[in-house]
Amino acid sequence: MKAHDGMYIGGRWRPARGQDTIAVVNPADEQVIGHVPAGTAEDVDDAVHAARAAFPGWAATPPAGRAARIAALRDVLAARKDEIAKTVTAELGSPPPLSQAVHAGVPVLVAGSYAELAASYSFEEQLGNSTVLLEPVGVVGAITPWNYPLHQIVAKVAPALAAGCTVVLKPAEDTPLTAQLFAEAVQEAGLPDGVFNLVTGLGPVAGQALAEHEGVDLVSFTGSTAVGRQIGATAGAAVKRVALELGGKSANVILPGADLAKAVNVGVANVMSNSGQTCSAWTRMLVDAERYEEAVALAAAAVAKYVPGERVGPLVNAKQQARVRGYIEQGVAEGARLVVGGPEAPEERGYYVSPTVLADVTSEMTVAQEEIFGPVLCVMRYEDTEDALQIANGTVYGLAGAVWAADDAEAVAFARRMDTGQVDINGGRFNPLAPFGGYKQSGVGRELGPHGLAEYLQTKSLQF
């Protein structure tokens, strides 16, 4: 797609307030593929005012009417799936099959789920002599990351719209073209002017202005824990609600008796997907001592099939590439065994990192505690299930995880003791209605399904 040189505010594309632009770079070949405006605080102010003006009318729209507009948006996204996939591949570097199936496909599924929820959700209930009303919180400032550019937009905007909120979106500066496509889809779907607004720009400028704006009632942010802390502090000072989906260091726990080959292969696929740029990736594989070396060999064989430029794309930019390579070097320096891959760049051009397996990783190592956000798997040994639980829970994060066992009951018993927001049992399938979010420093609040919708509602009670 051709990049827009303006902002989408109040139902139209309009010139940005400033003259500065942001270059969009294809991480696979390092070529500039477009420029978008670098939004200012004035652009954000314009967008918030448009959202505030549109809020009363949208909030008063019956749920069935909101559902119809979200369904229309879903249909437009489905019709433009090929264009979306090509755009994500160009600005994120995602391999085309992944762009089609996940980056373009999952948002259609999620948007459809909220079209159904908006029509069926109970926005009031009777408790004794009280009628309890669930009302939209107001104007939402949505700040989204680059790793799943459209999914993260839809996971915030669709429930906000279903609740009756209006939205100002500030997407990641690395992947703004996908956000512009989404704005085009909003316009084509016929949403009222000002219900959705888009401001492209840098986090410290446009993102900070959006988080601080007194006209924003809730800030929904997905990104690093460090930035999440800053946004939480800003919102707290203004007594403003926040929803934060932050980092992860998820454990893939393979209990004795589990199907080792399946658990390792699925675990490797999970980590390598999207070049490891997934906050919920199972980056720590925990295996009992008796089968540890077998698991390491299986992981090495599986990772060898993920060829850079084919099954694994580049990282999003040079900074991320250097960061991930630095973690690999640090892991080896602290005593991890390099099994496959390594810090050397596998391609002369593009921000690639070799898919890597580090074995003999212990909980004291940096690579076992910090989010690497690249195609790096850490394999860890445990002595018994209590040791496995201690290792699994032994980080500041608690976003996701997996448990494999000889039967589901054993896996569930272990999963119930994990300090994490979502656990897959013996390869459980993705569920777009299941709440997604973390314990501890992995965030505040939930996304997806009815729990995601509830984030955008506030409660009023009427006594009779």
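Residues numbered from 1 in each chain as written. Predicted model: local features only at pLDDT ≥ 70, side-chain atom pairs only at ≥ 80, totals over all residues. Heavy atoms only, no water.

**Q** Report on the sheet that holds strand β14 (residues 337-340), specifying residues and quantitative values.
**A** Taken in spatial order, the seven strands make up an open sheet running β14-β15-β16-β13-β12-β18-β19, and their pairing is mixed. Edge positions in the sheet fall to β14 and β19 (424-425), since each has one partner strand and no second. The pairing of strand β13 (residues 284-288) with strand β16 (residues 376-382) spans five bridges and is parallel. Paired with V287 across the bridge in β16 is R381. Running at roughly 45 degrees to β14, helix α10 (residues 292-303) makes contact with β13, β14, β15 (356-359) and β16 of the sheet. Across the sheet, helix α13 (residues 385-392) lies against β12 (251-254), β13 and β16, angled at about 145 degrees from β16, the strand it touches most. (Pairing = 2+ DSSP bridges. Helix = DSSP H or I, 4+ residues; strand = E, 2+ residues; numbered from the N terminus. Contact = heavy atoms within 4.5 Å. Axes fitted to C-alpha atoms, helices over the stretch in contact; angles between N-to-C directions.)

**Q** I'd like a rundown of the packing of helix α9 (residues 260-272) against α10, residues and numbers included.
**A** At a minimum axis separation of 9 Å, α9 and α10 run at an interaxial angle of 45 degrees. Classified by the angle their axes make, α9 and α10 are oblique. Seen from above, α9 lies across α10 with right-handed handedness. For the pair α9 and α10, contact is made by L260, A261, V264, N265, V268 and M272 and by E294, A295, L298, A299, A302 and V303, respectively. Classifying every residue of the contact of α9 with α10 by side-chain character gives 10 nonpolar, one polar and one charged. (Parallel < 35°, antiparallel > 145°, perpendicular 65-115°, else oblique. Left-handed = near helix turned anticlockwise from the far one by under 90°. Nonpolar A, V, L, I, M, F, W, Y, C, P; charged D, E, K, R; others polar.)

**Q** Kindly report on the UniProt feature "active site" (unreviewed entry) in the protein, identifying the contributing residues and their values.
**A** UniProt records the feature "active site" (unreviewed entry) at E245, using the numbering of this structure. Within the fold, E245 resides in strand β11 (residues 241-245). Judged by its relative accessible area of 4%, E245 is buried. With residues near it in sequence (within four places) discarded, E245 still touches Q152, F221, T222, G223, C279, L399, F436, S442 and E447. (UniProt positions renumbered as here; feature names shortened; annotations may be inferred. Buried < 20%, exposed > 50% of the residue type's maximum accessible area, 1.4 Å probe, protein only.)

**Q** Pulling in residues and values, what's your account of the UniProt feature "domain: Aldehyde dehydrogenase" (unreviewed entry) in the protein?
**A** The feature "domain: Aldehyde dehydrogenase" (unreviewed entry), as annotated in UniProt, sits at residues 13-461 in this numbering. Strand forms 20% of residues 13-461 and helix 43%; the C-alpha atoms that close the span are 40 Å apart.

**Q** Can you lay out the sheet that holds strand β22 (residues 457-463) for me, pointing to particular residues and giving the numbers?
**A** If you walk across this open sheet you meet the three strands as β5-β6-β22, and the pairing is antiparallel. Looking at which strands have only one partner, the edges of the open sheet turn out to be β5 (124-127) and β22. Direction aside, the axes of adjacent strands within the sheet are offset by 25 degrees on average. Pairing geometry for strand β6 (residues 130-136) and β22, over seven bridges, is antiparallel.

**Q** How would you explain the packing of helix α5 (residues 149-163) against helix α6 (residues 176-189) if you had to name every residue and give the values?
**A** Remark: α5 packs on α6, axes separated minimally by 9 Å, with the N-to-C direction vectors making an angle of 45 degrees. Taken together, α5 and α6 sit at an angle that is classed as oblique. The crossing of α5 and α6 is right-handed. Contacts between α5 and α6 involve P149, L150, I153, V154 and V157 on the former and, on the latter, T178, A179 and F182. Per-class residue counts for the contact of α5 with α6 are seven nonpolar, one polar and no charged.

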